[in-house]
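# Structural features, examined
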Amino acid sequence: MPLAQIIGTGSYAPAQVITNKDLEKFVDTSDEWIVERTGIRERRKAAPGETTSDMAVAAAREALAMAGVRPEDLELIVVGTITADMPMPSCAVFVQAKLGAGRAFAFDVAAACAGGVYALSVAEQFIRTGQVKRALVIGADLFTGVLNWNDRNTCVLFGDGAGAMVLAPAQEEGRGLLSTHLRTDGALAEILTIPAGGSREPLTEENIRTQRHKLNMNGREVFKCAVRELTSITHEALKVHGLTTSQVDHFIAHQANLRILEAVMQRIEIPLEKCWINLDKYGNTSAASVPIALDEANRAGRLKRGDIVVMVAIGSGMTWGCAVVRW
Ligand code: COA
């Protein structure tokens with residue numbers, strides 16, 4: 001069975017920039033604190049009326065153009081998101097309609113910040129089995145809409161954006177997605193949640209007033225889990241292919257916090273220069289983070305044929321995943 005290959009990438013970030021200085025005006029924080037503790041300098045915010053599917057479509061058009069694939073040739077659209085346009089139906093169906101990709105079946109994958117890698121892994125299975133020949137994978141989140149702008153622990157960290165990849169069966173032996181690896185620890189569900197708005201705590205005036213329909217996070221626990229699990233899954237995934245970390249050419253990691261990236265890179269002994277870093281510009285864009293970073297590295301001409309590219313992401317759940325690619 002052929003491997004799945006990424007034949008096009010694309011990304012989109014809304015035009016409005018919110019700097020750390022902008023945040024200083026309404027929350028008790030400082031540019032110095034945010035840069036020192038996270039590496040983030042600015043993030044993007046969707047325009048009024050702009051939806052998650054609008055951002056997803058913008059990224060998808062770029063990826064389709066690079067791949068030379070028409071929307072009507074797509075057979076599958078998977079969107080990693082937890083901030084869909086509405087609770088029902090999925091974001092993916094709006095993407096399908098806006099692109100005019102009428103042949104594609106479309107659905108969302110909810111794995112929060114790991115959503116891009118989870119969606120990639122799901123699409124990979126359809127390509128490998130031969131059921132689908134052209135798949136569109138998107139990670140898109142409009143996180144500024146689910147932030148409590150009074151909570152300095154969280155509101156400084158996130159931004160909006162979308163990234164996309166087009167997958168097809170590899171034309172050359174040995175190139176493409178060598179494997180994807182997904183992991184979950186539901187026992188850690190409570191450390192990163194949007195508590196209200198679901199069946200457990202339906203929306204009420206009271207929980208809206210107390211902002212329980214917005215993101216709630218135990219930052220230290222998330223930090224520890226991210227360092228531990230991203231390190232461990234990278235080793236685990238490379239081992240499957242008899243690869244060592246010194247053979248990795250590019251590390252495309254979830255952009256949550258520069259200190260997390262530094263700690264992981266140190267533990268897996270890959271120099272930080274091999275890690276694409278754009279969190280200074282976008283903050284944490286959740287499911288979009290890895291697909292945007294991959295697209296930037298790709299368009300910068302960094303990814304050469306045959307390079308080993310490792311993608312890792314972690315998010316609420318906790319959910320995490322890794323993809324090993326021979327580019
Ligand atoms: N500005 C100024 N001070 C802030 C602040 C902000 N934006 N956010 C928190 N602080 C304060 C805290 O209130 C605390 O003050 P206290 O000591 O008086 O209680 C102090 O800074 C230190 O807080 P702490 O939580 O120890 O900071 P930290 O070094 O762990 O950094 C995070 C906090 C959130 C940046 C860090 O824990 C983190 O990045 N965690 C992972 C988050 C993440 O990646 N989430 C998404 C995963 S997909």
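Residues numbered from 1 in each chain as written. Predicted model: local features only at pLDDT ≥ 70, side-chain atom pairs only at ≥ 80, totals over all residues. Heavy atoms only, no water.

### So, the site of the ligand
- Neighbouring the ligand are 23 residues, the closest being Thr29, Arg37, Arg152, Arg220 and Asn257.
- At a separation of 3.3 Å, an oxygen atom of the ligand approaches a polar side-chain atom of Arg259.
- Relative to its free-state accessible area of 960 Å², the ligand is covered by the protein chains to the extent of 77%.
- Among the secondary structure elements, those contributing two or more residues to the shell around the ligand are helix 2 (31–38), helix 6 (152–155), helix 8 (219–240), helix 9 (258–268) and strand 12 (308–315).
- In terms of residue count, the dominant contributor to the shell around the ligand is helix 8 (four residues).
- Per-class residue counts for the shell around the ligand are 10 nonpolar, eight polar and five charged. (Near = heavy atom within 4 Å. Polar contact = N/O pair within 3.5 Å; in protein donor to acceptor, adjacent residues only side chain to side chain. Areas by Shrake-Rupley, 256 points an atom, 1.4 Å probe, with all protein chains shown as cover. Helix = DSSP H or I, 4+ residues; strand = E, 2+ residues; numbered from the N terminus. Nonpolar A, V, L, I, M, F, W, Y, C, P; charged D, E, K, R; others polar.)

### A word on the packing of aromatic side chains
- Overall, the coordinates contain four aromatic pairs when judged by the stated rule.
- With 5.4 Å between their ring centres and 65° between their planes, Phe105 and Phe126 make a pair best called edge-to-face. Of this pair, Phe105 sits in strand 5 (residues 105–109) while Phe126 sits in helix 5 (residues 115–128); the two residues are 21 residues apart in sequence, bridging distant segments of the chain.
- What links up through ring pairs into an aromatic cluster is the set Phe105, Phe107 and Phe126. (Phe/Tyr/Trp six-rings, centres within 6.5 Å; stacked < 30°, edge-to-face > 60°.)

### Remarks on unusual backbone geometry
- The omega angle of the peptide bond from Met88 to Pro89 is 0°, so this bond is cis rather than trans.
- With respect to the element layout, Pro89 can be found in the loop between strand 4 (76–80) and helix 4 (91–99).
- Put simply, Gly317 and Met318 share a cis peptide bond, and its omega is -10°.
- When you line up the elements, Met318 lands in the loop between strand 12 and strand 13 (319–326).
- Of note in this structure, Ala112 is not a glycine but carries a positive phi near 50°.
- Along the chain, Ala112 turns up in the loop between strand 5 and helix 5.
- Classification of Ala112 as buried rests on a relative accessible area of 5%.
- Located in the positive-phi region is Ser286, a residue other than glycine, with phi close to 60°.
- Checked against the element boundaries, Ser286 lands in the loop between helix 10 (279–282) and helix 11 (289–299). (Buried < 20%, exposed > 50% of the residue type's maximum accessible area, 1.4 Å probe, protein only.)

### Thoughts on the packing of helix 3 (residues 52–67) against helix 4
- One way to put it is that helix 3 packs onto helix 4 with a least axis distance of 9 Å and a crossing angle of 55°. It follows that helix 3 is oblique to helix 4 by the angle criterion. Where helix 3 crosses over helix 4, the handedness of that crossing is right-handed. Contacts between helix 3 and helix 4 involve Thr52, Ser53, Asp54, Ala56, Val57, Ala60, Arg61 and Leu64 from the first element and Cys91, Phe94, Val95, Lys98 and Leu99 from the second.
- Residue composition of the contact of helix 3 with helix 4, grouped by class: eight nonpolar, two polar and three charged. (Axes fitted to C-alpha atoms, helices over the stretch in contact; angles between N-to-C directions. Parallel < 35°, antiparallel > 145°, perpendicular 65-115°, else oblique. Left-handed = near helix turned anticlockwise from the far one by under 90°. Contact = heavy atoms within 4.5 Å.)

### Points about the environment of Gly219
- Structurally, the position occupied by Gly219 is in helix 8.
- Residue Gly219 is classed as partly exposed on the basis of its relative accessible area, which comes to 32%.
- Through-space distance from the C-alpha of Gly219 to that of Ile191 is 7.9 Å; in sequence the pair is 28 residues apart.

### A closer look at the sheet that holds strand 11 (residues 250–253)
- A sheet is described by the order of its strands in space; here four strands give the open sequence 8-13-12-11, paired in mixed fashion. Looking along the sheet, the strands with just one partner apiece sit at the ends: strand 8 (176–184) and strand 11. Geometrically, the sheet is characterised by an average inter-axis angle of 15° between neighbouring strands, direction not taken into account.
- Where strand 12 and strand 13 come together, eight bridges link them in antiparallel fashion. Pairing of Val312 across the sheet is with Cys322, part of strand 13.
- Here helix 8 sits on the sheet in contact with strand 8, strand 11, strand 12 and strand 13, set at roughly 145° to strand 12. (Pairing = 2+ DSSP bridges.)

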